[in-house]
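# Descriptive structure summary
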Amino acid sequence: EPEVTQTPSHQVTQMGQEVILRCVPISNHLYFYWYRQILGQKVEFLVSFYNNEISEKSEIFDDQFSVERPDGSNFTLKIRSTKLEDSAMYFCASSETERGRTYEQYFGPGTRLTVT
Amino acid sequence: DAKTTQPTSMDCAEGRAANLPCNHSTISGNEYVYWYRQIHSQGPQYIIHGLKNNETNEMASLIITEDRKSSTLILPHATLRDTAVYYCIVRSDLLTTDSWGKLQFGAGTQVVVTP
């Protein structure tokens, strides 16, 4: 069964450093998302991405964040200068899209980011 | 803010049916009811979704009231592996300037299946 994969599973970084979280969406999906979940809190939407551009972003997704689809398979989330409060689980998701609709999203296992 | 209301927690005996309620009284005509679950900080797992008809798949059944203001997710024979947080989410599938497909998670229902 196709699945979304994410690497690394755990990333530890120092405050102020740049991190790149990687995702491989399901191969025939064209709509991609990033969510995050701070420990003990709700899953929060960060950004959606389609056709090589951002469709929607939340207030959390400020200038420190960026997304990219560098090739035909990967989808990345970059945090330019990490802060302690960026420590969270980051989930990538993907969905099919057709004629102005998106369908159910499938999530990856997540990357646990720890900023020290 | 999430547009749904769910109980904070519920227990279920292994082998019995688990019935998880959800209220979504402000649901719009083009919004679907989606159910996801999250097992101990793993990625949310899609379970089922529906618009107005009842739906069933290999994981669960979804019963939506005629007025669409509430729904129930049914896990027919709960197992210990069904212990998770279950999220009821309303979402339009249409891509518009008001909605680009994001899922808005609430706190969900913590379901504990006991032996």
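Reading the values: the criteria
Every chain is numbered on its own, with residues counted from 1 as its sequence reads. Lettering of chains starts at A and numbering of ligands starts at 1, both following the order in which they are written. Totals for whole chains, interfaces and linings use all residues, but because this is a predicted model, local features are given only for residues with pLDDT of at least 70 and pairs of side-chain atoms are given and counted only at 80 or more. Each side-chain value is derived from all of the structure's non-hydrogen atoms; neither hydrogens nor water enter the calculation. Strands here mean DSSP runs of E at least two residues long; helices mean DSSP runs of H or I at least four residues long; both are numbered from the N terminus. Throughout, the radius of gyration refers to the C-alpha atoms, and the reference size of a globule is 2.2 Å times the residue count to the power 0.38. Buried means the residue's accessible area, taken with a 1.4 Å probe over protein chains only, is under 20% of the maximum for its type, while exposed means over 50%, and partly exposed covers the values in between. Surface accessibility follows the Shrake-Rupley procedure with a 1.4 Å probe radius. Residue values consider only the protein chains on display as shielding. His is not counted, nor are the chain ends; Lys and Arg add positive charge and Asp and Glu add negative charge. Working definition for charges: the position is that of NZ of Lys, CZ of Arg, CG of Asp or CD of Glu. At least two bridges found by DSSP between two strands is the condition for calling them paired. Throughout, an axis means a line fitted to C-alpha atoms (over the contacting stretch in the case of helices), and angles, computed between N-to-C directions, take values from 0 to 180 degrees. Between the rings of Phe, Tyr and Trp (Trp by its six-membered ring), a pair exists once the centres lie within 6.5 Å; its type follows the angle of the planes, with under 30 degrees stacked, over 60 edge-to-face, and the other angles tilted. We call a charge positioned over a ring when the NZ of a Lys or the CZ of an Arg lies within 6 Å of the ring centre and within 35 degrees of the ring normal. Any two cysteine sulfur atoms lying within 2.5 Å of each other are counted as a disulfide.

## Details of the overall build of chain A
From N to C terminus, chain A includes 0 helices and 13 strands. Taken over C-alpha atoms, the radius of gyration comes to 13 Å for chain A, in line with the 13 Å a tight globule of 116 residues would show. Dimensions of chain A, computed from the C-alpha atoms along their principal axes, are close to 45 × 30 × 30 Å. Counting the 116 residues in chain A, one finds 46% classified as buried. Of the roughly 6000 Å² of accessible surface on chain A, a fraction of 43% belongs to carbon and sulfur atoms. For chain A, the centre of its 11 positive side-chain charges and the centre of its 16 negative side-chain charges are spaced 2 Å apart.

## Observations concerning the sheet that holds strand E7 (residues 70–75) of chain B
All names here are of chain B. The antiparallel open sheet is built from 4 strands, whose spatial order is E2-E7-E6-E5. Each having just a single partner strand, strand E2 (18–23) and strand E5 (55–56) make up the two edges of the open sheet. Bridge analysis of E2 against E7 gives 6 bridges, and the strand direction is antiparallel. In the strand pairing of E7, Pro21 is matched with Thr72.

## Concerning the sheet that holds strand E1 (residues 9–13) of chain B
Residue and element names in this part refer to chain B. Pairing within the open sheet is mixed, and its 5 strands lie in the order E1-E9-E8-E3-E4. Each having just a single partner strand, E1 and strand E4 (45–50) make up the two edges of the open sheet. Shown here is a sheet whose adjacent strand axes are inclined to one another by a mean of 25°, direction ignored. Sheet topology places strand E3 (residues 31–38) next to E4; 5 bridges connect them, and they run antiparallel. Across the sheet, Arg37 pairs through a bridge with Gln45, a residue of E4.

## Quick look at the packing of aromatic side chains
Inspection of the entire model under this criterion finds 19 aromatic pairs over all chains. Aromatic pair A:Tyr35 and A:Phe45: ring centres 5.7 Å apart, planes at 70°, arrangement edge-to-face. Of this pair, A:Tyr35 sits in strand E4 (residues 31–37) while A:Phe45 sits in strand E5 (residues 43–50), placing them 10 residues apart in sequence. The burial state of A:Tyr35 is the same as that of A:Phe45; both residues are buried. Where A:Tyr106 meets B:Tyr46, the ring centres are 5.8 Å apart and the plane angle is 65°; that geometry is what we call edge-to-face. Here the residue A:Tyr106 occupies a position in strand E12 (residues 106–107), and B:Tyr46 occupies one in strand E4, the pair thus bridging two chains. The class for B:Tyr46 is buried, based on a relative accessible area of 15%. Here the guanidinium or amino end of B:Lys102 rests over the ring plane of A:Phe45, the centre of that ring lying 5.8 Å away.

## Some points on the state of the cysteines
Summed over all chains, the structure comprises 2 disulfides over all chains. Linked covalently through their sulfurs, A:Cys23 and A:Cys92 form a disulfide whose S-S length is 1.9 Å. On the sign convention where negative means left-handed, the S-S torsion of about -65° between A:Cys23 and A:Cys92 marks this disulfide as left-handed. Of this pair, A:Cys23 sits in strand E3 (residues 19–24) while A:Cys92 sits in strand E9 (residues 88–95); the two residues are 69 residues apart in sequence, bridging distant segments of the chain. The disulfide partner of B:Cys22 is B:Cys88, and the S-S distance across this bridge is 2.1 Å. Disulfide B:Cys22 to B:Cys88: torsion about the S-S bond roughly -85°, handedness left-handed.

## A word on the environment of A:Leu39
Residues and elements named next belong to chain A. When you line up the elements, Leu39 lands in the loop between E4 and E5. A relative accessible area of 70% means that Leu39 is categorised as exposed. When the C-alpha positions of Leu39 and Ala88 are compared, they lie 6.3 Å apart, and in sequence the two are 49 residues distant.

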